[in-house]
Amino acid sequence: MMISARVKGRGEESVALNDIVIRNGAASRMLSLEARVDGEPVTRYSADGLILSTPTGSTAYALSAGGPVVMPSVEAIVATPICPHSLSVRSCVIPPSAVVEIEVLSATTRRSSAPTATES
C-alpha cells in the first residue's frame, strides 16, 4: 500500500511507501492541527507533528511515536501524533479509501517558518 499527499496551493503530489509527516520546520515546535476524514471533522491535535502511515510505515517512525503495529495484510492509514500535548490523544486508524485532510490551525515557532511535510 502507498500513501500520497498534496499541499494545498502547491499542486504537486508526493507518494510514499512508509509515511507522510507533518511537522513545523527542522526543530520540533507545537502545532495545532485539525484532522478531517471525507470532509468530516474527526479530531484536533496539539502536538509536535502528525504521522500518516501505511502498514509498512507503522513499524517505523509511527511506532516510535506510540502508534500501533499494523499487519501488512490490513490496508489502513494510521494517524499518529508526535509528542502530543495531552495524554488522551491517541492514534486513529482510517480506511485506505478515505480522503484525509489535515489543516494547520496554528504553529508555534521561534522563527517565521511555515510547517513542512516530509515523506519516507
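Read on for an overview of the structure. (Residues numbered from 1 in each chain as written. Predicted model: local features only at pLDDT ≥ 70, side-chain atom pairs only at ≥ 80, totals over all residues. Heavy atoms only, no water.)

Take empty space enclosed by the protein next. Tallied over the full model, the rule gives one cavity of 30 Å³ or more. By volume, the largest cavity amounts to about 40 Å³. What lines the largest cavity is Ala35, Val37, Val42, Thr43, Tyr45, Ala79, Cys92, Ile94, Val100 and Ile102. Those elements giving two or more residues to the lining of the largest cavity turn out to be strand E4 (31–37), strand E5 (40–47), strand E8 (92–94) and strand E9 (100–107). Ranked by residue count, the leading element in the lining of the largest cavity is E5, at three residues. (1 Å grid on protein atoms, 1.4 Å probe; cavity = no way out; pocket = protein on both sides within 12 Å on 5 of 7 lines; lining within 4 Å. Points joined across faces, edges and corners; volume = space filled by probe spheres on them. Helix = DSSP H or I, 4+ residues; strand = E, 2+ residues; numbered from the N terminus.)

Here we come to the nonpolar core. Of all hydrophobic cores here, the largest spans 16 residues; its most connected members are Ile3, Leu33, Tyr45, Leu50, Leu52, Ala79 and Ile94. Contributing elements (two or more residues each) for this core: strand E3 (19–23), E4, strand E6 (49–53) and strand E7 (77–82). When residues in this core are grouped by element, the largest group, four residues, is from E4. (Core = buried A, V, L, I, M, F, W, Y, C linked by side-chain atoms within 4.5 Å. Buried < 20%, exposed > 50% of the residue type's maximum accessible area, 1.4 Å probe, protein only.)

Within the element layout of this structure, alanine 62 appears in helix H1 (residues 61–64). Each C-alpha atom of the pair alanine 62 and leucine 52 lies 8.0 Å from the other, and the pair is ten residues apart in sequence. Beyond its immediate sequence surroundings of up to four residues, alanine 62 is in contact with Ile51, Ser53, Gly57, Gly67 and Thr80. (Contact = heavy atoms within 4.5 Å.)

Glancing now at the pairing of strand E2 (residues 13–16). Where strand E1 (residues 3–6) meets E2, four bridges bridge the pair, whose relative direction is antiparallel. What sits directly across from arginine 6, in E2, is glutamate 13. The turn linking E1 back onto E2 is made up of six residues, and glycine 9 within it adopts a positive phi angle of 90 degrees. (Pairing = 2+ DSSP bridges.)

Here we take up a nonpolar patch on the surface. On the surface, a cluster of nonpolar side chains totalling about 280 Å² of accessible area is made up of Met2, Val15 and Leu17. Mapped onto the fold, valine 15 is located in strand E2. Take valine 15: its relative accessible area is 46%, and that puts it in the partly exposed class. (Patch = residues over 30% accessible without salt bridge, like charges linked within 9 Å, V, L, I, M, F, W, Y side chains within 5 Å. Areas by Shrake-Rupley, 256 points an atom, 1.4 Å probe, with all protein chains shown as cover. Salt bridge = Lys/Arg side-chain N within 4 Å of Asp/Glu carboxyl O.)

It is worth spelling out the pattern of salt bridges at this point. Evaluated as defined, the whole model comprises three salt bridges. A salt bridge links arginine 44 to glutamate 34, with the shortest nitrogen-to-oxygen separation between them at 3.2 Å. Of this pair, arginine 44 sits in strand E5 while glutamate 34 sits in strand E4; the two residues are ten residues apart in sequence, bridging distant segments of the chain. On the basis of relative accessibility, which here comes to 13%, the residue glutamate 34 falls in the buried class. Two residues, arginine 36 and glutamate 103, come together in a salt bridge whose shortest N-O distance is 3.2 Å. Of this pair, arginine 36 sits in strand E4 while glutamate 103 sits in strand E9; the two residues are 67 residues apart in sequence, bridging distant segments of the chain. On the basis of relative accessibility, which here comes to 34%, the residue glutamate 103 falls in the partly exposed class. Among the charged side chains, a salt-bridge network with shared partners connects Glu34, Arg36, Arg44 and Glu103.

Before going further, it helps to spend a moment on the sheet that holds E9. With respect to topology, three strands assemble into an open sheet ordered E5-E4-E9, the strand pairing being antiparallel. Two strands in the sheet have a free side with no partner beyond their single neighbour: E5 and E9. When the angles between neighbouring strand axes are averaged without regard to direction, this sheet yields 20 degrees. Examined bridge by bridge, E4 and E9 share seven bridges and lie antiparallel to one another. Counted as the bridge partner of glutamate 34 is glutamate 103 from E9. (Axes fitted to C-alpha atoms, helices over the stretch in contact; angles between N-to-C directions.)

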